[in-house]
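A closer look at the structure
In case you want the letters, here they are:
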Amino acid sequence: MPAGAVVQGSADAEAPVTVKGSADVNRVEAPVTVKAYLMCAFAAFGGIFFGYDSGYINGVMGMNYFIHQIEGSDATALRSDHKSLITSILSAGTFFGALIAGDIADWTGRRTTIIGGCVIFLVGVALQTASAGLGLIVAGRLVAGFGVGAVSAILILYMSEIAPRKVRGALVSGYQFCVTVGLLLASAIDYGTQDRNDSGSYRIPIALQMLWAIILGVGLFVLPESPRYFVKTGKLDAAAKVLARLRGQSVESEFIQDELAEIIANHEYELSIAPKGGYWSTWGNCFRGSLWKGSSNVRRTILGTSLQMMQQWTGVNFVFYFGTTFFKQLGTIQNPFLISLITTLVNVCSTPISFWSMEKIGRRPLLLWGALGMVICQFIVAIIGTVTSTDSAVQAMIAFICIYIFFFASTWGPGAWVVIGEIYPLPMRARGVALSTASNWLWNCIIAVITPYMVDEDKGNLGAKVFYIWGGLCTFCFVYAYFLVPETKGLTLEQVDRMLEETTPRTSAKWVPHSTYAADMGFTDKSVVPRVEHDHKEEV
């Protein structure tokens, strides 16, 4: 086997594994197969219950029966503090769920963590379905939040680690597409049950979430574990088997041997820079290095967490969380539920564009142009809402809100998730993605808490003027993307590591691979890698 690695499994946990990699940068990954597409496509299905759980509450909070259940028979709307609590408590749970999931994914595996998240989510949904008042629905959304947080963090990690490099951006974008489908389904179900004068008006949309979690959890029993998790824990024979299954090749294939050798060599290289330590030391690795060095762990952590923060700063969840009540406040719209359904449909139809553009145009240009498009639309909405409130003005506002959602759904929506799955080295990848996802949910929670106080008529009463705030924040998003976001399209996760070491965000698009980690670590001659669990067993 001229350029292949030889991976010799053994029943003895301490037996060495001999690998011999390739110096050819074009032989670090097997060809893309239909099987790989299908596996990643199913994993992306998890986005449906993430989106559905985020979206159903928008319509439920506008249902008369639900309002009477929470506030009493004379109430016409939820109090601002109750609306804020019901919406934000899910995000509070997801924040902690995402953080905890980073540890669990390193201890038990990516797939097992996602399945566990589905089980926790089911418990939370059962509590919400049984609710007849504020207390139980808040408790249920908190519990469900832990499950959603775990699944949303580790599903991105899992997909990024199993997807082929040439289509990784498109496949991870599929996750965001499934999120939008979940939002659309939630809006459609809310629209269909809104006029019921019984508890089914809100219990049907809530209970339906169980179906998505069951499908994902059962399906993941069939899918393989991430090969990079097995490399991280020293189980190289298992890594070779699942990599062969993912790529549709035999274990003896040169493509499989070369790709596995590159993953092992990159992991050994990263461990030589930041050796393993105890539990707190591994978390500390996320913040190691210089702020002025683009490839340092702390810079990657800041990039991932701030990118997810910026995604929330775009203000899109204002439309999806509070769109129904916001459109009611405009006064001239007869059916705000229908308008919310239309904005969600725009979201769904716009996201698939990223399947093509993420790989052909790239991550960085999409984030730049997407931010610019959102800025223009948001300021137009704010200006129209400030100047006039006629029927034609409201129609124009809705049109530009839809265009704004188009820019988000085709750029920042999927783009932020794609990038955070690519920028972290293997030793800290689970915790890095967990921190980034937790950042998304933290800012999601903050926005959910403060928005009712900004726009409700008995509070800040900003109305359409709130889009001045979102437009200003999107201006920051544009500047941020220009100076800090690198281009990662077409690279393996290991090549992204090398690119971050050798270039800057503004010049990253011009970088091309010129060597392999297997060659740099001497694996092209021969290297004996001990079958040890590098950081599976951590000391507290």
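Thresholds, definitions, all that
Residues numbered from 1 in each chain as written. Predicted model: local features only at pLDDT ≥ 70, side-chain atom pairs only at ≥ 80, totals over all residues. Heavy atoms only, no water. Axes fitted to C-alpha atoms, helices over the stretch in contact; angles between N-to-C directions. Helix = DSSP H or I, 4+ residues; strand = E, 2+ residues; numbered from the N terminus. Parallel < 35°, antiparallel > 145°, perpendicular 65-115°, else oblique. Left-handed = near helix turned anticlockwise from the far one by under 90°. Nonpolar A, V, L, I, M, F, W, Y, C, P; charged D, E, K, R; others polar. Contact = heavy atoms within 4.5 Å. Core = buried A, V, L, I, M, F, W, Y, C linked by side-chain atoms within 4.5 Å. Buried < 20%, exposed > 50% of the residue type's maximum accessible area, 1.4 Å probe, protein only. Salt bridge = Lys/Arg side-chain N within 4 Å of Asp/Glu carboxyl O. Phe/Tyr/Trp six-rings, centres within 6.5 Å; stacked < 30°, edge-to-face > 60°. Lys NZ or Arg CZ within 6 Å of the ring centre and 35° of its normal. 1 Å grid on protein atoms, 1.4 Å probe; cavity = no way out; pocket = protein on both sides within 12 Å on 5 of 7 lines; lining within 4 Å. Points joined across faces, edges and corners; volume = space filled by probe spheres on them.

Look at helix α5 (residues 110–130) against helix α6 (residues 134–162): their axes get within 7 Å of each other, and the N-to-C directions meet at 160 degrees. Classified by the angle between their axes, α5 and α6 sit roughly antiparallel to one another. Relative to α6, the crossing made by α5 is left-handed. When the residues that make up the contact of α5 with α6 are grouped by side-chain class, the tally is 20 nonpolar, six polar and three charged.

Tracing the backbone through its elements, the reader meets serine 201 in helix α8 (residues 200–207). When sequence neighbours within four positions are dropped, the list of residues in contact with serine 201 reads Met63, Tyr65, Thr193 and Arg196.

Phe66, Tyr175, Leu307, Phe318, Trp412 and Phe467 are the most contacted members of the largest nonpolar core, which totals 127 residues. The biggest single contributor to this core is helix α19 (residues 391–420), with 15 residues. Residues Tyr229, Phe230, Leu260 and Leu426 belong to the second largest nonpolar core, which totals 14 residues.

Another point: helix α22 (residues 493–502). Most of α22 sits out of view: eight of its ten residues are buried. Listed in full, the buried residues belonging to α22 are Leu493, Glu494, Gln495, Val496, Asp497, Arg498, Met499 and Leu500.

Here we come to the pattern of salt bridges. Between side chains of opposite charge, a pair can form when the charged atoms approach closely. Taken as a whole and assessed by the stated rule, the structure comprises 14 salt bridges. Salt-bridge contacts for arginine 431 lead to aspartate 103; the nearest nitrogen and oxygen are separated by 2.7 Å. Taken together, the positions of arginine 431 in helix α20 (residues 426–455) and aspartate 103 in helix α4 (residues 80–108) put the pair 328 residues apart, joining distant regions of the chain. With a shortest N-O distance of 3.1 Å, arginine 110 and aspartate 106 are connected by a salt bridge. Here arginine 110 and aspartate 106 have matching classes, each one buried. Each of Asp103, Asp106, Arg110, Glu161, Arg429 and Arg431 takes part in one network of salt bridges that share partners.

Applying the stated criterion to the full structure yields 17 aromatic pairs. Through pairs of rings, three or more aromatic residues link up here, namely Phe318, Tyr404, Phe467 and Trp470. The ring of tyrosine 482 is capped by arginine 364, whose NZ or CZ atom sits 5.5 Å from the centre of that ring.

Roughly 320 Å³ of internal volume is contained in the largest pocket. Lining the largest pocket are 18 residues, with Leu291, Gly294, Arg299, Leu484 and Pro505 sitting closest to its centre. Elements with a contribution of two residues or more to the lining of the largest pocket: α14 (297–313), α21 (466–484) and α22. Of the residues in the lining of the largest pocket, the class split is eleven nonpolar, five polar and two charged.

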